[in-house]
Each structure stands twice: as structure tokens, then as C-alpha cells.
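One-letter residues, chain by chain:
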Amino acid sequence: MDWKKPVKYLLLISLFQCIGFEASAQYENVWMFGKGAGLDFNSGGPVFVESKIDGFGEACASVCDENGRLLFYTEGSYVWNKNGDTMPNGKELLPLRSTTNFSVSSSTTQGTIIIPVPKSSHRYYVFSLTSIEQNVHKGKLYYSVVDMSLNNGLGDVVAAQKGILLATGLTEKMTAVAGNRCNIWLLVTTKSELKAYEVNEQGVSNSPVVSLSGTTIFPSGCLVASPDSKKLVFANFGTSSVLCDFDAATGRAANPLQLSANFSYGACFSPDNSMLYLYDQGGGGGNQVCQYDLTLGSDALINASRTQLGPASFTHLKTAPNGKIYFNSSERNAIGCIDFPDKPGVACGFRSVAIQLPGQNKTSSGLPHIVPLIHYDSAHSWELFEGECFSNVRMPQITARDTTGWDYTWSNGAAATSTRVSAPGIYRVRYYTSPCMAHTDTFEVRFPYGVLPDIQMQPACRDMQNGKAWLSVYPGDTVTYKYVWQDSTGKTLSQTDTLHDAGSGYYTLRVTTAQCDTLVSLFLREESFPVSFISDSFVCERNDMMFTNTSDAHYTAFSWDFGDGTGSSSPNPKHPYAHAGNYTIRLTGSGALCRDTAYGLVTVDSLLSPGFTVIPDSVCAGTSVTILSENNSATINSVRWDFGDGNTRHDVLREIHHAYDGSGIMPLTLTTRYRVCPEAKFTRGIFVQPLPQVYLGPDTSLCLNGNPVVLQNKSSRNSISHSHMWSTGDTTEALRVTHPGRYSLTVTGGLLGCSNSESVVVTKDCAIDIPNIFTPNGDGLNDYFFPRQLLSSRISSFNMQVFDRWGRIVFETDNSLGKGWDGKYNNADQPEGAYLYIIDARFDGRTERYSGNVTLLR
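Looking at where E541 falls in the secondary structure, it is placed in the loop between β46 (538-540) and β47 (544-549). In contact with E541, not counting residues within four places along its chain, are Y577, A578, H579, A580, V604, D605, S606, L607, L608 and C677.

In C-alpha cells:
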């Protein structure tokens, strides 16, 4: 491979067009301040001019064009044009009613500032800050937009951008500093922190950068930045003034230093940033302009360098276009001056009176606020990029000369610090670097020995050999190229500028000229034109299934196979399935280059209602039937069996068993539910014959020597055709029972010969154990005649009589719980011998009599 490093020729670099201090000063060539007073510095020295500013006189600002001609001025509430006329929308910039006899911003230490809109030649922001005298409205910051292209070039306040509230809770301090990215920082304070609002070409940010949190900042007094934007001073009228560092890149202040001045109001840095001047009422002399030497380094030395220069009235301090600092003189209607503010001590040339203003009461404490400007610089460079051979990297890279900036825009559309080029020509990149330098770098790119031809590719369709790659040289290229195309195995496929009939994969291209030999790897991708469709997963038999074709627009012809032997060429067909089952759908699409196939599965539910068979279909009550189901369809979602007797089941079983307790025609119903087809019902009646009724009554008992018990079916609900079978073998309807035991009756009858049985227990339960002898001799054994035990708990009445041989009743009792006869009559012992007894006992509604002889022995 032959590759020679490209040659770069830097032919011309850094043509600057700058706006330096002198140029920026033109925007402050006319000062409008005081009570009708102003100064014009266009002739070099200050010349008195009239202004329309009235009121308290602290807040004032004015701005000129690039040639020093006055454009407009303001005290924060009203805006006057260069002719001294109030602009049409220039009244009452703040939507507030003043609580004093002057406007809401007139008595604010720094109540207004004019900031040119970045990258605009005719629009300006007017920021207005309310004074502490405004009670609930104090410390409110608003802004409005002045457009100098309106009102025939005299300017007007834009009605829709007037009195926009930005912040509240502020002190009377406000200034502005140019930033490092074509922006301006508007600086305001609360009583304990600095807030920096960014102003750029997009507008005013609503989210400030906050710093110096916890620093004591007095409401009154000026906030001033050094000319190099690296220092800030907070002149505090009531506490120590503060000097700190400022970062114009971030909008943050840091490293606060407390100055010895503690009743300061106005402040100003010298043009070379070395000296700081403060108006201070503290110290020995009071009402003095004092100087601090900032070149001394340490905090202690800076404070020790404090020098009182001379008297002044309550005043701002401001650097004029001629490099001198002016202030409000201690004498009426006069302006003082510091002639050489860069020199330390008395060498600075302090003059208490430098300008005498005509008229009366023309001066005030306020001087016009600075006009913060973005210094727009520009730089241009031109480079020749010439290669001896075209690059094996397909696109050589060119890079902007400075890569620390922002907003890089190349002529080929790239938006980075570098761009790659594929052909000779002129390439330009425009960008900005800090603080606001606009760069234009121009590159002339040449390839005298050829430019790697542009490679274009047509992807291959899936599973097809129809890919293509071809080369094209840039217009006007006269170099002769040779080409060799090879696949991944090294096989040569073509030696022309085109590769035909290629599949997806990796390829190499060798391009050679008389001076160059370059190998390029490339990948011919597989084109993806998917065929697809949407349909329901389920459909009911004989209903239309809808198919929605969602294939790529590449395909223009389609072939459907519905899986049941039918098809369609319609892009979005509908198709009814005649039979239930599962079907595979196939859609094939054909386009100009590619073919593709997609598959889907659809399930067709059956409309046939599955039935069942009942074996047998007539049964006696209590006998099970067998149900053989025909539910063999896979499309069934659920079933419900209703047996007609209040019982249901949801079993999907081949065989089900069920017994009926009741009788009659039982409607057995099968309800079948499908996924999409309507539910189906199948009903079949089952005849259930009732069982004969058999009731023999409760268990009963026999009495010794008593009457027999007669058992019979006491139910009268049976037909006379029913037959009877007793457990004794008798077939009579009634059975006489003389012995205890269990007796059962089976009754059979009806169409199905259904039978039912009942049994009853007959016990010996009404006999009395009566002794035949007793001995009432007082020995505690057999002293009384009485039945030894009553063998039935169901005895309801009892009576016992004892007779002597003459038939006389010698004892009688009806107390079944008594002791019995003690062998006495009328309390006299009766003789030994036989006595007759009669006992009547009643059991379960029948009376039994027992009689016999008992022998009395002594």
C-alpha cells in the first residue's frame, strides 16, 4: 500500500476586526443625568447639554450609537429619545404606582441600566429596579425592550415586551458585566447573596446563578465591576464594603474581602484595574473620595493603602470616554474629576471642581450607568490541504484551528470541531471562542493524484443474490483507476467499477492508480422488507376472518394461502372457514427487488352443539345414571352440566355419573361455551320413578303374657298394586309379632319395579319381675313385697292390690317408686301364709294386668 501524508499550507491567518475600549466608549459619549443636566464628550472634553431627567436623580442611564450620537436615555420609569421627547410607549415602564412624589425607580441607588441585546444592532433592554421607599413594591426588578428601528428611527418601547417582572426581594444594587460566550451577566443582590441573570441572543434567563451566600450586603450603595470583569466591589452605606473576585465565564463571585470603608456609596475602578475609588462618609474627614491600591496583593496591604483624596458630595463615580473619573462635587452645581486615575495617591490628580454647570440644582448623586458591551472580534484563516495520494481512510479529516469554542458550523452541514471530506473543494467552518470572537476558517482541499471514488451500494434481499455496489468519481476527475472486487474468501468477482449479483456479506475493493494503491473493506447489508399481517387468532365456523396486510411498501403483489386449500391475491382479504380446526396462514409478498413470506395460525371454533347419551334414561330414585359426553372439540372453552335437580358440574369428561334423589322428568342440559362462537345447549329428559313409601312406626315392645304387636305399612301413598315382603317370609300387608326381634318390610311396585324397605325393633320392654315370697322380719332382706324392677322406662301408670284369703284388701298403692307391702294391716303383723295380688301397669297407651300369689314368711 502506497500512502503519502497530505501537505497543509497555512497561507493566511487571523485577520482581526476588533471593537476595543476606544470603540466601545463611543456608546457612552453622552451622559444624561441630574435634574435636566448632561455632558457630551464627543469633542474630547465634556460639554454641558440639557436633559429631561427629573425626580430624585439617583437612577439614570443613556446610550449612544457606535459613532457617539445619543440614541435615548431613561431614569427607569420613562424613556426619552435623542430629541428629548418621551417615546410613544416610554411612559410608566413599571406597572406600579409610586408611594413618593417621584417615580418608583428614581431614588434607587442603581435604578436602571441599558443593555444592548446581544447580536442585535437596534434592540436594547432597559432594566428597572424599584427603591426601598416603595414599601411592598421595593426591590422589584423589571425589564422592557426598546427597538430603535421603530418610530422612524427615533425608537419605541415594544408594547408586548414592556414591564416584564424578573425578580423580587432585591437591594438597590445593580450592574452588568460582559461574559465569555457572547453574553452579558446582569448582577443584582439580596441582603446576603449575589444573583447573576444571563442575557444572550435568546433572551433573559429566569434562573440566576447564585453566589456569595451569607455575605452581608447593605441595601444602599453601588455595585461596580472592574473594566477587565475580574473584580466586583459592593459599596455598602452602613457596613463594610466588600471587594471580591468575579468569573465572567460562570457568573459567580468568590473570595470576599472586607474593606475599611463602611459608609460608602459610589465606586469606580481605574481604567487599568489597579486602583479602586470609593465615596465614603466614614473615616476622619467624612464625605471623601478615597483610593485603594489593588496592586499590593494582600488583603491587609490593600486596606492599609486607603488614601483620602478630597471632599465630594453624596455621589456615584464614573469613568468618562477620556479616561478620567467624574463625580458630584462638594460645591453646588459642580462636577469633580480625577485626571490620572491609574496613579496611586495624590498623583491621581484629584480635583474637587472640574466642571461648573450652568443654572441651578443641576447636579444630583447619580451619574449614568455603564453600558455593558460584548466585544465582537473576528478572525479569518485560510489553509491548503493537499494530498499526494487519496486516503485509504475514505474521508480525510479537516479540523478547525481552535477547538475550544462553540457553535461550529461547516459548509458541508457538519456541526463539530472536525469534518471528513470526500472530494476536493472549498470548506469553511464558522464558530465562536471566548469572549466573543467569531472565527471563519477556510480550507481548500486538493487531491491531485485522485480521490477515492464514492462507493454506493444496493443491499441484497434476504436469501437472494441481487445486491449491487458501484463506484462514481467526482466531476472533473481525470485520474485513471483500476478496480478489483473480491469476496471474503479472496475470490475475484469483478474488475470493473460495479459489483453485480452479490449477496449480503463482506467484500474488499482494491483501487489503484499510478501513484496510489488502496484496499477498502465494505459490508453489503441484507435489505429487510418484512412481509407481515394482522388477524384474529380465533374465528367461528362459517364466519369471515379478516386479514390486514401490514407489509412493507416495497411489496406490490401478494399471494395468500389460507391453509384450507383456498387462497387470494387481494392485499387485505376476508375468508370464511367451512370447518372447525387449526389452519396455518401463509402470505407471500413480491416487490421490485425482494420476496418475503410470513406465517400465522388461526383456530376455527365449531358451531356444532356436542350431545350426550344417558344410560339408562329411566331409573328409580337414588340409582345412578351414566352420561357419555360427545365433547371432543378442542375449541371448547368451558361446559356446564345442569342435572335438572338443582345440581350442576363443569367437568369436561367423557363419562359422568349422577344419582337423582327426587323423582319425575329431569331435564339434563349441557351448555357448551366456545372462544368465539355463541354458546350451544343440548337437553335430554331422564325419567326418575319414586321409591315406594314404607313406614312401620317407631320401635315398640312386647309385654309378658301381654297382647301381640301388629306391624304394617302406615304410609298411604303407595298404589294397591305394590307387593309386600316381610323379613319373616310373610307377604301379607300386616304382621302379628309375639316375640321380640328386628322385623323389616320391603314394598315393590311401579313401572320400573322400584322397591323400598323399612325395619323396626320389637323388644321385651313391659314385663315386671314379681317375687313369690318375702320375709318382713326386719333383717334388711326381702322385708317388703314389691316388683323388684320395672323393666320399662315407658310405664305411665301403676296400681298394686294385695288380698288375704278372705278377699280383704290388706295393701294398695299406685306409687311405682314406693317400698311396697311390709306384711302389716292397720299396723298389725299379718299371719304367715299365701296372699293374692293384682298389679295393673300401663305402657304406651295399653294396660297390662299381672296377678298371682305371694307367700309371707317370718
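Strands sit in the order β26-β27-β28-β29 across an open sheet of four strands; the sheet is antiparallel. The sheet is open, and its two borders are formed by β26 (317-319) and β29 (350-356), each paired with just one other strand. Averaged over all adjacent pairs, the angle separating strand axes in this sheet is 35°, with direction ignored. Note: strand β27 (residues 325-328) against strand β28 (residues 334-338), four bridges, orientation antiparallel. Directly across from Y326, in β28, lies its bridge partner C337.

Here the focus is the pairing of strand β53 (residues 612-615). In β53, alternate side chains face the same way, and those of F612 and V614 are buried while those of T613 and I615 on the opposite face are not. Where β53 meets strand β55 (residues 624-629), four bridges bridge the pair, whose relative direction is antiparallel. Bridging across to β55, V614 finds its partner in I627.

We now examine the pattern of salt bridges. Evaluated as defined, the whole model comprises 20 salt bridges. Two residues, D280 and R306, come together in a salt bridge whose shortest N-O distance is 3.0 Å. Taken together, the residues D280 in strand β23 (residues 275-280) and R306 in the loop between α2 (299-304) and β25 (307-311) connect sequence positions 26 residues apart. D280 gets classed as buried once you look at its relative accessible area, which sits at 1%. With its nearest N and O atoms 3.4 Å apart, the salt bridge here joins K324 to D339. Of this pair, K324 sits in the loop between β26 and β27 while D339 sits in the loop between β28 and β29; the two residues are 15 residues apart in sequence, bridging distant segments of the chain. Looking at K324, the relative accessible area reads 26%, which means it is partly exposed. Its relative accessible area of 14% is what places D339 among the buried residues. Salt bridges linked by common partners bring K324, D339 and R351 together as one network.

As a further point, take the state of the cysteines. Throughout the structure, instances matching the rule amount to four disulfides. The disulfide bridge from C182 ends at C436, spanning 2.0 Å between sulfur atoms. Given an S-S torsion of about 100°, the disulfide between C182 and C436 has right-handed geometry. Residue C182 is found in the loop between β13 (174-178) and β14 (184-189), and its partner C436 is found in the loop between β34 (425-433) and β35 (437-446); the two are separated by 254 residues along the sequence. Classification of C436 as buried rests on a relative accessible area of 2%.

As enumerated under the stated definition, the model contains 33 aromatic pairs in all. Residues F547 and W560 carry aromatic rings whose centres are separated by 5.3 Å and whose planes lie at 45° to one another, so their mutual orientation is tilted. Here F547, found in strand β47, pairs with W560, found in strand β48 (residues 555-561); they are 13 residues apart in sequence, far enough to count as distant. The two residues F547 and W560 agree in class, both being buried. A connected cluster of aromatic rings, assembled from ring pairs, spans F237, F263, Y265, Y279 and F314. Lying over the aromatic face of W470, K468 brings its terminal NZ or CZ to 5.1 Å of the ring centre.

Our focus in this paragraph is the confidence of the model for the chain. Scored by pLDDT, the chain has a mean of 88; 92% of the residues are at 70 or more. Throughout residues 1-24 the model reports pLDDT below 50, and contacts reaching past four residues in sequence, or to other chains, amount to 57 contacts.

Take the environment of Y279 next. Mapped onto the elements of the fold, Y279 is located in strand β23. Classification of Y279 as buried rests on a relative accessible area of 1%. Along the sequence, Y279 and H316 sit 37 residues apart, while their C-alpha atoms lie 7.5 Å from each other. Apart from the residues lying within four places of it in its own chain, the contact partners of Y279 are F263, S264, Y265, G266, N287, Q288, V289, A312, S313, F314, T315 and L317. Within the structure, the side chain of Y279 is placed 3.3 Å from the side chain of Q281, a separation counted as a polar contact.

A few words now on the side chain of D840. By secondary structure assignment, the location of D840 is in strand β74 (residues 833-843). For D840, the contacting residues outside a window of four places in its chain are S797, F798, N799, E848 and R849.

Scoring rules and cut-offs
- Residues numbered from 1 in each chain as written.
- Predicted model: local features only at pLDDT ≥ 70, side-chain atom pairs only at ≥ 80, totals over all residues.
- Heavy atoms only, no water.
- Helix = DSSP H or I, 4+ residues; strand = E, 2+ residues; numbered from the N terminus.
- Contact = heavy atoms within 4.5 Å.
- Pairing = 2+ DSSP bridges.
- Axes fitted to C-alpha atoms, helices over the stretch in contact; angles between N-to-C directions.
- Buried < 20%, exposed > 50% of the residue type's maximum accessible area, 1.4 Å probe, protein only.
- Salt bridge = Lys/Arg side-chain N within 4 Å of Asp/Glu carboxyl O.
- Disulfide = S-S within 2.5 Å.
- Phe/Tyr/Trp six-rings, centres within 6.5 Å; stacked < 30°, edge-to-face > 60°.
- Lys NZ or Arg CZ within 6 Å of the ring centre and 35° of its normal.
- pLDDT = per-residue confidence, 0-100.
- Polar contact = N/O pair within 3.5 Å; in protein donor to acceptor, adjacent residues only side chain to side chain.

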